[in-house]
Number of protein chains: 2
Amino acid sequence: MDVHLRDLRYFVAVAEELSFTRAAAERLSISQPALSKQIRQLETRLRTELFDRSDGTVSLTAAGEALLPHARKMLAEWADAAASVGEAAAASQQTVWIGLHTRAGHALVHAVAADVEARLPGWRAEFRQVGGTDPAAGLADGGVDVAIAWLPVPGGAGLSARVITTEDRWVSLPAGHRLAGRTTIVFADLHDEPFIALPAAAGPMREFWLALDQRGSPPVVAGEAATAEELFDAVAAGIGIALLSEGNTDVYRRDDVVHRRVVDLPPCELAALWRSGDRRSAVRVVVDACERAAAGRAPDQHE
Amino acid sequence: MDVHLRDLRYFVAVAEELSFTRAAAERLSISQPALSKQIRQLETRLRTELFDRSDGTVSLTAAGEALLPHARKMLAEWADAAASVGEAAAASQQTVWIGLHTRAGHALVHAVAADVEARLPGWRAEFRQVGGTDPAAGLADGGVDVAIAWLPVPGGAGLSARVITTEDRWVSLPAGHRLAGRTTIVFADLHDEPFIALPAAAGPMREFWLALDQRGSPPVVAGEAATAEELFDAVAAGIGIALLSEGNTDVYRRDDVVHRRVVDLPPCELAALWRSGDRRSAVRVVVDACERAAAGRAPDQHE
DNA sequence: CGGTGGCCTAACCTCCGGCAATGGACGTGC
DNA sequence: GCACGTCCATTGCCGGAGGTTAGGCCACCG
């Protein structure tokens, strides 16, 4: 009778991809049998077939066509609902949640928190680490009011961004790597190296940190890592190399890994993001605070 | 991240009742701990409290107030979606689903089926038995296009009805009951008898078959039964008595139970119901067919 | 004709959602 | 003041849902 919104998400994914395998792997990060089973179950619940899989290809039935707009609308409605709830909770608790897509230094966190407190007396800023695979860094489902993340952010529809700093991209190498002794490294040196990539679910972020734009041929992906720890463990083990931002070379310093500047890569941009429709003053204050903190200035006490 | 629509239904129930215990028992037919756990889980997912249970009473928090309209909208949207899908499926399969709230005789079923087939060449009428506790007899979630049910039907908002027959109400007694030998029975004779009632979830239907309108004091409810078999087993066992429609006295004839007319009760009405917004010709044809079949006339071949 | 791609089925594992019983906080009546 | 009733939370348990991997069937293609 009722339905799980997840099932509708699955349905929309298949309807848009017109392929179970691709929808499962590339958009939903589940196995294809799991997806097939869920769709079957949805069809059973509705007592009708939603897809025609007869002729080797997948297409929507009339019933599927009827469901699709409703499913999209319900998913959008839930995003709205979660955002509304988050805003109401923030207002009554006087708390702003900030999601960190990368591990920012404690300096930035503290500066932002202090600045918010100074400009919004009685309010607090809370920080939450969000996984790199979360498409909108926790903004979409309302759990986070402002996100600090590297551009590009996948699923960025409906999000606004302000770049708060730009940094050069460096490369992380195992300690004994042939390039570890070089003083200057250009991307051509790395072109054929095996890379540790972000999970496929990260979408454009994965492509950016593989420097796909700078390549003529597909990269060699030797492994995937969802967290920074996994990433540098893989680098240290010699499985592959990876790009990172200059600021993170300090944060993730370790003995078995060396970081070197790549001189000819376009820099990466750290941005503060918020929901475009979110016009609360608290959000604007936080974004401003992020910008000031990233600029290295302390919150200006009496400008 | 995603949410189960059931949880939103639970939330709306508690928000409207402002009581966990009542919402669980009277509206959702689940236990109170299950409801509490689900609401807690929803709150955890949204990372905020939806209800304030601190001062012995239950009230909505600001976040709860923010969620309520969205939740209602999503539930309505899903009802729409299910109806749309059902209509699309019916159109492409040329099938009309008819839900039976009570066990109608095969005569009625066959007459309707034949009539539909005669007037909508290529179409079929399929019948499904729906439980008495289903608020809208399967109409709400689109699984059924036309329902045949006794009035009043709970949750009847958005439904249209046409009365297709009226019948006197009789009473079902165990074989040796003191009233079994009486020729005429008035409701006053039954007033203090223990009754077998429909489950509380049946709402106004339960009240109607307890003849609540004809009483000055609350009825004695000796037990509940969800199916006809349970009901007459309970009557035969002497646990209590129950009202039924005249037509059903034939359908449910058995040795250990006797049926007697109650001469002074208002009759009951059997109706064909459909979704008010559903203007498909197939639905109209079926409703007409129900009316003709109930009137005892065969489908008019060449009127 | 064998390889490949794509969906389905089967077996299994984990965790969620339900129930029953119990506990604790608070208001109420004698 | 104390026993009691009411109502929500907690605990322990069980069945089913949702996920995984492994393997099968079928169409297409070189």
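Bear in mind that the values here come from a model prediction, so they are computed numbers and not experimental data.

S.K.: Explain the side chain of Arg 206 of chain B to me, please; I cannot follow it from the model alone.
M.R.: By the element assignment, Arg 206 of chain B lies in helix α7 (residues 204–209). Look past the residues within four positions of Arg 206 of chain B in its chain and what remains in contact with it is Ala 197, Leu 198, Pro 199, Ala 200, Val 221 and Glu 224 of chain B.

S.K.: Would you take a moment to explain the relation of the copies chain B and chain A for this structure?
M.R.: The operation relating the two chain copies consists of a rotation about an axis and a shift along that axis. Taken as rigid bodies, chain B and chain A are interconverted by a rotation of 180° and an axial shift of 0.1 Å, the fit giving an RMSD of 0.1 Å. What the rotation and shift describe, once combined, is the action of a two-fold rotation axis. For chain B, the minimum C-alpha distance to the rotation axis belongs to His 4 of chain B and amounts to 2.0 Å. Counting the interface residues of chain B, we find that 100% of their copies in chain A are interface residues as well, pointing to one common contact surface.

S.K.: So what exactly am I meant to see when it comes to the domain arrangement of chain A here?
M.R.: By a frequent convention, interface size equals the accessible area lost on bringing the separate parts together. Here the domain parsing of chain A yields domain 1 (5–78), domain 2 (94–149 + 277–294) and domain 3 (169–266). Computed over C-alpha atoms, the centres of domain 2 of chain A and domain 3 of chain A are 27 Å apart.

S.K.: Just to check I follow, could you spell out the interface of chain B and chain A for this structure?
M.R.: Contact with chain B, which involves 31 residues of that partner, is made by 33 residues of chain A. Taken over both partners, the interface formed by chain B and chain A buries close to 3200 Å², and the fraction arising from carbon and sulfur atoms is 69%. Broken down residue by residue, the surface that chain B buries against chain A is led by Asp 2, Trp 78 and Val 85 of chain B, which jointly contribute 21%. Where chain B touches chain A, the interface holds four salt bridges. Among the ionic pairs, Asp 2 of chain B bridges to Arg 9 of chain A, the shortest N-O distance being 2.6 Å. Summed over the shared surface of chain B and chain A, the number is six residue pairs in polar contact (both at pLDDT 80 or more). Top element by residues in the side of chain B that touches chain A is helix α4 (residues 62–93) of chain B. It accounts for 17 residues.

S.K.: What's the story with the environment of Ile 39 of chain B in this structure? I'm lost.
M.R.: Note that Ile 39 of chain B resides in helix α3 (residues 32–46). Counting along the chain gives 10 residues from Ile 39 of chain B to Glu 49 of chain B, while the straight-line C-alpha distance between them is 9.2 Å.

S.K.: Hey, could you run me through helix α8 (residues 228–236) of chain B in this one?
M.R.: All names here are of chain B. For α8, every residue scored as buried is listed here: Leu 231, Phe 232, Ala 234 and Val 235. Along the axis of α8, the buried residues cluster in a sector spanning 155°; they form a single face. The elements touched by buried residues of α8 are β7 (169–174), β8 (194–197), β10 (242–245) and β11 (257–261).

S.K.: What exactly am I supposed to notice about the environment of Ser 245 of chain A here?
M.R.: Residue and element names in this part refer to chain A. Topologically, Ser 245 is positioned in strand β10 (residues 242–245). Distance from Ser 245 to Arg 27, taken between C-alpha atoms, is 27 Å for residues 218 residues apart in sequence. In contact with Ser 245, other than residues within four places in its own chain, are Trp 150, Glu 167, Asp 168, Trp 209 and Cys 268. Among the polar contacts listed, one links the side chain of Ser 245 to the side chain of Glu 167, at a separation of 3.4 Å.

S.K.: In this structure, what is going on with the protein's contact with DNA strand C? I would like to understand it.
M.R.: Near DNA strand C there are 18 residues, and of these Thr 21, Ser 36 and Arg 53 of chain A together with Lys 37 and Gln 41 of chain B occur at the shortest range. At the protein interface, 59% of the atoms of DNA strand C within 4 Å belong to sugar or phosphate. For the surface near DNA strand C, the elements supplying multiple residues, two or more each, are α2 (20–28) and α3 (32–46) of chain A together with α1 (5–17) and α3 of chain B. Among the elements that take part in the surface near DNA strand C, α3 of chain B stands out by supplying five residues, more than any other. Partitioning the surface near DNA strand C into residue classes produces seven nonpolar, seven polar and four charged.

S.K.: Is there a simple way to think about the packing of aromatic side chains in this case?
M.R.: To describe a pair of aromatic rings, you give the distance between the ring centres and the angle between the ring planes. Residues and elements named next belong to chain A. On inspection of all chains with the given rule, the structure shows 10 aromatic pairs over all chains. Arranged with centres 6.0 Å apart and planes meeting at 80°, the rings of Trp 150 and Trp 209 form a pair that is edge-to-face. A residue pair is termed long-range when its members are at least 10 positions apart, and Trp 150 in strand β5 (residues 146–150) and Trp 209 in helix α7 (residues 204–209) qualify at 59 residues. Overall, Trp 150 belongs to the buried group, its relative accessible area being 7%.

S.K.: Help me understand unusual backbone geometry in this model?
M.R.: With an omega of -5°, the peptide bond running from Leu 151 of chain A to Pro 152 of chain A counts as cis. You can see Pro 152 of chain A is positioned in the loop between β5 and β6 (159–167). In this structure, Gln 94 of chain B takes a positive phi of about 50° despite not being glycine. Locating Gln 94 of chain B in the fold gives a position in the loop between α4 and β3 (95–100).

S.K.: What is the right way to read the protein's contact with DNA strand D from this model?
M.R.: Of all residues adjacent to DNA strand D, which total 18 residues, the nearest are Tyr 10, Ser 31 and Gln 41 of chain A together with Thr 21 and Arg 53 of chain B. One of the side-chain N or O atoms of Gln 41 of chain A is found 2.5 Å from a phosphate oxygen in DNA strand D. At 3.0 Å from a phosphate oxygen of DNA strand D is found a side-chain nitrogen or oxygen belonging to Arg 40 of chain B. Contributions of two or more residues to the surface near DNA strand D are made by α1 (5–17) and α3 of chain A together with α2 (20–28) and α3 of chain B.

S.K.: I tried to follow the sheet that holds strand β3 (residues 95–100) of chain A on my own but got confused; where do I start?
M.R.: What links the strands of a sheet is backbone hydrogen bonding, and the strands pair in either a parallel or an antiparallel sense. All names here are of chain A. Pairing in this open sheet of five strands is mixed, and the strands run β4-β3-β5-β12-β6 from one edge to the other. Where the open sheet ends on each side, the last strands, each with one partner, are β4 (124–129) and β6. Pairs of neighbouring strands in the sheet enclose a mean axial angle of 20°, with direction left out of account.

S.K.: Is there a simple way to explain the packing of α2 of chain A against α3 of chain A in this structure?
M.R.: Between two packed helices, both the angle of their axes relative to each other and the distance between the axes serve to describe the pair. Residue and element names in this part refer to chain A. The N-to-C vectors of α2 and α3 enclose an angle of 110°; their axes lie 8 Å apart at closest approach. One element, α2, and the other, α3, form an angle in the roughly perpendicular class. Along this stretch, α2 crosses α3, giving a crossing that reads as right-handed. Contacts between α2 and α3 involve Phe 20, Thr 21, Ala 23, Ala 24 and Leu 28 on the former and, on the latter, Gln 32, Leu 35, Ser 36 and Ile 39. Its residues assigned to classes, the contact of α2 with α3 comprises six nonpolar, three polar and no charged.

Thresholds, definitions, all that
- Residues numbered from 1 in each chain as written.
- Chains lettered and ligands numbered in written order.
- Predicted model: local features only at pLDDT ≥ 70, side-chain atom pairs only at ≥ 80, totals over all residues.
- Heavy atoms only, no water.
- Helix = DSSP H or I, 4+ residues; strand = E, 2+ residues; numbered from the N terminus.
- Contact = heavy atoms within 4.5 Å.
- Least-squares fit on C-alpha atoms with pLDDT ≥ 70 in both.
- Domains from an automatic or database assignment.
- Buried area = accessible area lost by both parts, 1.4 Å probe.
- Salt bridge = Lys/Arg side-chain N within 4 Å of Asp/Glu carboxyl O.
- Polar contact = N/O pair within 3.5 Å; in protein donor to acceptor, adjacent residues only side chain to side chain.
- Buried < 20%, exposed > 50% of the residue type's maximum accessible area, 1.4 Å probe, protein only.
- Arc of directions from axis to C-beta.
- Near = heavy atom within 4 Å.
- Nonpolar A, V, L, I, M, F, W, Y, C, P; charged D, E, K, R; others polar.
- Phe/Tyr/Trp six-rings, centres within 6.5 Å; stacked < 30°, edge-to-face > 60°.
- Pairing = 2+ DSSP bridges.
- Axes fitted to C-alpha atoms, helices over the stretch in contact; angles between N-to-C directions.
- Parallel < 35°, antiparallel > 145°, perpendicular 65-115°, else oblique.
- Left-handed = near helix turned anticlockwise from the far one by under 90°.

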